[in-house]
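Chain by chain, the residues run as shown.
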Amino acid sequence: MNISMVGTGYVGLVTGTCFAEMGNNVICVDIDEAKIEKLKKGIIPIYEPGLESMVKENFAKGTLAFTTDIREALKKSDVIFIAVGTPQGEDGSADLRYVLEVARQIGRHMVHPMIVVDKSTVPVGTADKVKETIAKELEKRGESIPFHVVSNPEFLKEGSAIEDFMKPDRVVIGAESEEAMEVMKELYAPFTHNHERFIAMDVRSAEMTKYAANAILATKISFMNEIANICERVGADVNKVRVGIGSDRRIGYSFIYPGCGYGGSCFPKDVQALAKIAEDTGYEPRIIRAVEEVNKAQKRVLAQKVVARFGEDLSGRTFALWGLAFKPETDDMREASAITIIEELTKRGAQIRAYDPKAMEEARNFYLKGNDRVTYVRSKYDALDGADAMLLVTEWKEFRSPDFEEMKQRLKTPVIFDGRNQYNRQKMAKKGFEYYQIGVSDRSEG
């Protein structure tokens, strides 16, 4: 099948590359000339395991191409995906300016019947706006080329996006025409050998499914973090509580790990956008707003533990920080808890020695740019040198079983603030560490 993918960000690049991997002819389109030239040279703008090699292989085979010319892409394609950004507006709503600009370009330049697929995360009713926008441009041209608009929300997890796409839990398609639905079934057939994975529905329900999915996962995270905060106050251990409730198959263990709060490009933005969608209808989304407020507060919990231990004035104090990305296996720092934690500590005078396997360039050049109290080091152990304590913020695999003796030697004082509850409290006490966790009422000291 001949496909165009407008937008070479995280969703567009992964989606286009995976379609090419299955033998489709894919043209990825972006207005950023520098990015397109880099992609042609095999330089990938994001870190995602397995993506770079897959891009290079399919580009070399000719099944994957990159261009800034949407006219060329439209001539050569039967299906065009809109996968551009939908940044958050000041009121929390999704900004559709880029989505609708692509729709205008499609209407101006399409030359044969097309299926237009909304892949970007967009509010309910966006497909109608895309359809109306394309129709207006065709009318200006005096053309009546048939087209269909389809909703195909993405459910990719950063760090495992290739596997998620190649072996999806489900493929959700919203379409109003049987013709469009059949084309989408054919396109996704290699990925959905089990027919139950392909879920057909109306367009508005498909648009809503994406927001509902992310909101319920965010709700589980905030709920567990609230339970953790209660555990601390009543003398319970949230790690044991988690095991107790997770064993119930109705609940399960996914997304009930306490921590520093959720971040990334999806949960924060989508929770706020869903709340705004509800409010625009006159409905007050009390649970969804509570999820957001709990998460904002949770991002400060680890810093509050540091202040409780070392005092409000942190001048002259240095803290090692392990992990900057919002989650492991990505360099994405959007809405990362590390940003809040570092800001809370440095505004009180602290110095930070930070290490992350993938996200340090993002931190240095964008998210923490200008914060001269942050030093970036080459290894997790280098971060510990002369530090008053270590804060574990992102649960990268290399942090799971460190050399605790070397940690004790390098730290000024053997104090750990574990924002992801990675280590065993009793074992840390035996090793001589003063150890603080999320959701545990007392600390273990050496």
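See the structure shown above.
The rules behind these values
Residues numbered from 1 in each chain as written. Predicted model: local features only at pLDDT ≥ 70, side-chain atom pairs only at ≥ 80, totals over all residues. Heavy atoms only, no water. Helix = DSSP H or I, 4+ residues; strand = E, 2+ residues; numbered from the N terminus. Contact = heavy atoms within 4.5 Å. Salt bridge = Lys/Arg side-chain N within 4 Å of Asp/Glu carboxyl O. Buried < 20%, exposed > 50% of the residue type's maximum accessible area, 1.4 Å probe, protein only. Phe/Tyr/Trp six-rings, centres within 6.5 Å; stacked < 30°, edge-to-face > 60°. Lys NZ or Arg CZ within 6 Å of the ring centre and 35° of its normal. Pairing = 2+ DSSP bridges. Axes fitted to C-alpha atoms, helices over the stretch in contact; angles between N-to-C directions. Expected span 1.5 Å × (residues − 1). Parallel < 35°, antiparallel > 145°, perpendicular 65-115°, else oblique. Left-handed = near helix turned anticlockwise from the far one by under 90°. Nonpolar A, V, L, I, M, F, W, Y, C, P; charged D, E, K, R; others polar. Patch = residues over 30% accessible without salt bridge, like charges linked within 9 Å, V, L, I, M, F, W, Y side chains within 5 Å. Areas by Shrake-Rupley, 256 points an atom, 1.4 Å probe, with all protein chains shown as cover. Core = buried A, V, L, I, M, F, W, Y, C linked by side-chain atoms within 4.5 Å. Right-handed = clockwise from strand over helix to strand, strands pointing away. Polar contact = N/O pair within 3.5 Å; in protein donor to acceptor, adjacent residues only side chain to side chain.

Visitor: Describe the environment of Pro45, and please don't skip the residues or the numbers.
Guide: Structurally, Pro45 can be placed in the loop between α2 (33-40) and α3 (51-61). For Pro45, the residues in contact, after removing those within four places along its chain, are Thr8, Leu13, Lys35 and Leu39.

Visitor: Hey, could you go over the pattern of salt bridges for me, with residue numbers and the actual values?
Guide: One pass over the structure, following the stated rule, counts 39 salt bridges. The closest approach of N and O atoms between Lys380 and Glu398, which form a salt bridge, is 3.7 Å. Of this pair, Lys380 sits in the loop between β11 (374-376) and β12 (389-392) while Glu398 is found in the loop between β12 and α16 (404-410), placing the two residues 18 residues apart along the sequence. For Asp388, the salt bridge goes to Lys412, with nearest N and O atoms at 3.8 Å. Here Asp388, found in the loop between β11 and β12, pairs with Lys412, found in the loop between α16 and β13 (415-418); they are 24 residues apart in sequence, far enough to count as distant. Asp388 gets classed as buried once you look at its relative accessible area, which sits at 2%.

Visitor: Describe in detail the environment of Val130, supporting the description with residues and values.
Guide: Inspection of the secondary structure puts Val130 in helix α6 (residues 126-141). A relative accessible area of 0% means that Val130 is categorised as buried. Distance in space between the C-alpha atoms of Val130 and Val102 is 8.8 Å, their sequence separation being 28 residues. Other than its neighbours up to four places away in sequence, Val130 contacts Ile82, Val99, Leu100, Ala103, Val116, Asp118 and Val149.

Visitor: Please provide a residue-by-residue account of the packing of aromatic side chains, values included.
Guide: Scanning the model with the defined rule gives 18 aromatic pairs in all. Judged by centre distance (4.7 Å) and plane angle (15 degrees), the rings of Phe417 and Tyr436 are stacked. Residue Phe417 is found in strand β13, and its partner Tyr436 is found in strand β14 (residues 434-437); the two are separated by 19 residues along the sequence. Aromatic rings pair up to connect Phe19, Phe81, Phe165, Tyr188 and Phe191 into one cluster. When the ring centre of Phe155 is taken as reference, the NZ or CZ atom of Arg170 above it lies at 3.7 Å. Taking the ring centre of Phe310 as reference, the NZ or CZ of Arg309 above it sits at 4.5 Å.

Visitor: So what about the sheet that holds β14? Which residues, and what values?
Guide: Overall, parallel pairing links the six strands, which are arranged β11-β10-β9-β12-β13-β14 in an open sheet. Two strands in the sheet have a free side with no partner beyond their single neighbour: β11 and β14. Shown here is a sheet whose adjacent strand axes are inclined to one another by a mean of 20 degrees, direction ignored. Relative to strand β10 (residues 351-355), strand β9 (residues 318-322) is paired through five bridges, and the arrangement is parallel. Within β10, the residue paired with Leu321 across the bridge is Ala354. Running at roughly 180 degrees to β9, helix α14 (residues 337-346) makes contact with β9, β10, β11 and β12 of the sheet.

Visitor: Describe helix α1 (residues 10-21), with residues and values.
Guide: Between its first and last C-alpha atoms α1 spans 17 Å; for 12 residues at 1.5 Å apiece the expected length is 16 Å, and the two agree. Along α1, 11 of the 12 residues are buried, which leaves the element largely enclosed by surrounding structure. Those residues of α1 that sit buried are Tyr10, Val11, Gly12, Leu13, Val14, Thr15, Gly16, Thr17, Cys18, Phe19 and Ala20. Immediately downstream of α1, the backbone of Gly23 shows phi near 100 degrees, a positive value.

Visitor: So what's going on with the packing of helix α13 (residues 301-310) against α14? Which residues, and what values?
Guide: Close contact between α13 and α14 brings their axes to 8 Å; oriented N to C, the two are set at 30 degrees. The orientation of α13 relative to α14 falls into the category roughly parallel. Here α13 and α14 pass one another in a crossing that is right-handed. On α14, the residues that touch Leu302, Ala303 and Val306 of α13 are Ile341, Glu344 and Leu345. Partitioning the contact of α13 with α14 into residue classes produces five nonpolar, no polar and one charged.

Visitor: An account of a nonpolar patch on the surface is needed here, citing residue identities and associated values.
Guide: There is a patch of nonpolar side chains on the surface, built from Val243, Tyr253 and Tyr257 and spanning about 300 Å² of accessible area. Counting through the fold element by element, Tyr257 comes out in the loop between α10 (238-246) and α11 (267-280).

Visitor: Outline the nonpolar core, supporting the account with residue identities and numerical values.
Guide: Grouped together as the largest cluster of nonpolar side chains are 60 residues, with contacts concentrated most on Phe319, Leu324 and Leu345. For Phe319, the contacting residues outside a window of four places in its chain are Val306, Phe310, Leu314, Leu345, Ala350, Gln351, Ile352, Arg353, Ala387, Asp388, Ala389 and Leu391. In this structure, Tyr10, Leu51, Ile162 and Tyr188 belong to the second largest nonpolar core, which totals 39 residues.

Visitor: Any details on the environment of Val440? Residues and values, ideally.
Guide: Summarising the element assignment, Val440 is placed in the segment after β14. Apart from the residues lying within four places of it in its own chain, the contact partners of Val440 are Glu232, Ala236, Asp237, Asn239 and Arg425.

Visitor: Any chance you could break down the pairing of strand β6 (residues 147-151) for me, citing the residues and the numbers?
Guide: By the criterion of burial, β6 is predominantly enclosed, with four of the five residues buried. Two strands pair when backbone bridges link them, and strand β5 (residues 114-118) and β6 are joined in this way by five bridges, in the parallel orientation. When the bridges of β6 are listed, Val117 appears paired with Val150. Tracing the backbone out of β5, into α6 and back to the parallel element β6 gives a crossover that is right-handed.

Visitor: Account for the side chain of Glu344, naming residues and giving values.
Guide: Tracing the sequence through the fold places Glu344 in helix α14. Overall, the relative accessible area of 12% leaves Glu344 in the buried class. For Glu344, the side chain forms a polar contact with the side chain of Arg300, separated by 3.5 Å. Ignoring sequence-local partners within four residues, the contact set of Glu344 consists of Arg300 and Ala303.

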